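Notes for the structure review
Given next are the chains, with one letter for each unit.
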Amino acid sequence: MLLLRIGFISLFSGIVILTSWYVPHRILKLLDVKKKWLKYTLMGTIILCSVLSVGVINSFSATIFSIIAQIIGFIISIHVFLVLLLLVADGIRLFWKYPKKIAANIILAIAFTITNIGFWQGLDFSVERNTIYIKNLKQKLKIMHISDIHIGHQRGRVYLKRIVKKTNKLNPDLVVITGDLVDAASALKPGVLDPLSKLKAPTYFVTGNHDLTINTQKLYKILKNLGIRVLRNEVVQTHGIQIVGLDYMLADENSFDVPSGTNNTIKNTLPKIKLKEGVPSILLHHSPIGIKYISKKGIDLFLAGHTHGGQLFPFTLMAPIIFPYTKGYYIKGGTQIFVSQGVGTV
């Protein structure tokens, strides 16, 4: 597994370096700009943004870093689409010698336009309604499942307030938050998470991988003060069901996902949790993994997030390869699964 992770990191780093050279090289060549310093400056900028985007900048809470994070998000998105568009353009070039400068401007315009459309779409969210039947459930339950808000540099108190307002308007019996509530130190500044105290329904939270990258103990304390119940490898009974909440962890010692920093896995943790027979069970875990262990435990419904459905093309096509349960509803071995695409973006 260690070799697999090293291989993945090496592959990712190689792709970043290769595409960081490819995009400036091809764009400047199409524009007939022969300035090497500009090519290397653009290449260095893309590589730097890629390094900062993996979490380095999230350790800082000052407003200037939020602005930098926004800019980095735009640059990376534009870069991804430029890679795809240039590859298509180079393929077409084999059969049709199109005007280079016109093509370059069209490619740049398309990449900027798609990125801006994605940015504005990312400022909104929608509620998806699903009816799920669970054996032995004696009463109807309305549960609001919220995941991957990513409060931090990209989103703050105002966005969270909108989510809480919409949730309360729908009047759920329970609210569950399956991780990645925050992803930057700025989310822990006084007052940012306060809107959560306005949730009218009992609310349960489990950590996601991004929650672990900041001061997690401080996050736990804030949530407790706001009336949010943090479930840490435990079970609670409420409304005629039992809710199992697991910390973010890998499925087992051989699974591949974002490292959890702990030896706990779904495989070795779930057997230690005692459930009451005949009482419907819902399990909360950030990542939709470990289903064979969850099904073996007899869990009726598994709620998760983490994947964002891929979030950005072409990752929307790649996500199902990594996560068989990528978005929406599934059933496996008697356990029903629902994976949220998230109410925020990473």
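Residues numbered from 1 in each chain as written. Predicted model: local features only at pLDDT ≥ 70, side-chain atom pairs only at ≥ 80, totals over all residues. Heavy atoms only, no water.

1. Regarding the pairing of strand β1 (residues 143-146)
If a strand is regular, its side chains alternate between the two faces of the sheet. Where β1 and strand β2 (residues 174-178) come together, four bridges link them in parallel fashion. Its bridge partner lying in β2, I143 is registered against L174. In this fold, β1 hands off to helix α5 (residues 157-170), which returns the chain to β2; that crossover is right-handed. (Pairing = 2+ DSSP bridges. Helix = DSSP H or I, 4+ residues; strand = E, 2+ residues; numbered from the N terminus. Right-handed = clockwise from strand over helix to strand, strands pointing away.)

2. Some details on the packing of helix α2 (residues 36-53) against helix α3 (residues 63-93)
Closest axis-to-axis distance for the α2/α3 pair is 10 Å, and the angle between their directions is 115°. As α2 runs across α3, the sense of the crossing is left-handed. Of the residues in α3, those touching α2 at T45, I46, C49, S50, L52 and S53 are I72, I75, I76 and H79. Per-class residue counts for the contact of α2 with α3 are six nonpolar, four polar and no charged. (Axes fitted to C-alpha atoms, helices over the stretch in contact; angles between N-to-C directions. Left-handed = near helix turned anticlockwise from the far one by under 90°. Contact = heavy atoms within 4.5 Å. Nonpolar A, V, L, I, M, F, W, Y, C, P; charged D, E, K, R; others polar.)

3. With respect to the packing of aromatic side chains
Considering all chains together, one arrives at five aromatic pairs under this definition. Ring plane angle 40° and centroid distance 5.2 Å describe the contact between F74 and F119, whose orientation is recorded as tilted. You can see F74 sitting in helix α3 and its partner F119 sitting in helix α4 (residues 100-121), a full 45 residues away along the chain. Taking the relative accessible area as the measure of exposure, F74 reaches 26% and is therefore partly exposed. Ring centres of W96 and Y98 lie 5.7 Å apart, and the angle between their planes is 75°; this geometry places the pair in the edge-to-face category. Looking at W96, the relative accessible area reads 53%, which means it is exposed. (Phe/Tyr/Trp six-rings, centres within 6.5 Å; stacked < 30°, edge-to-face > 60°. Buried < 20%, exposed > 50% of the residue type's maximum accessible area, 1.4 Å probe, protein only.)

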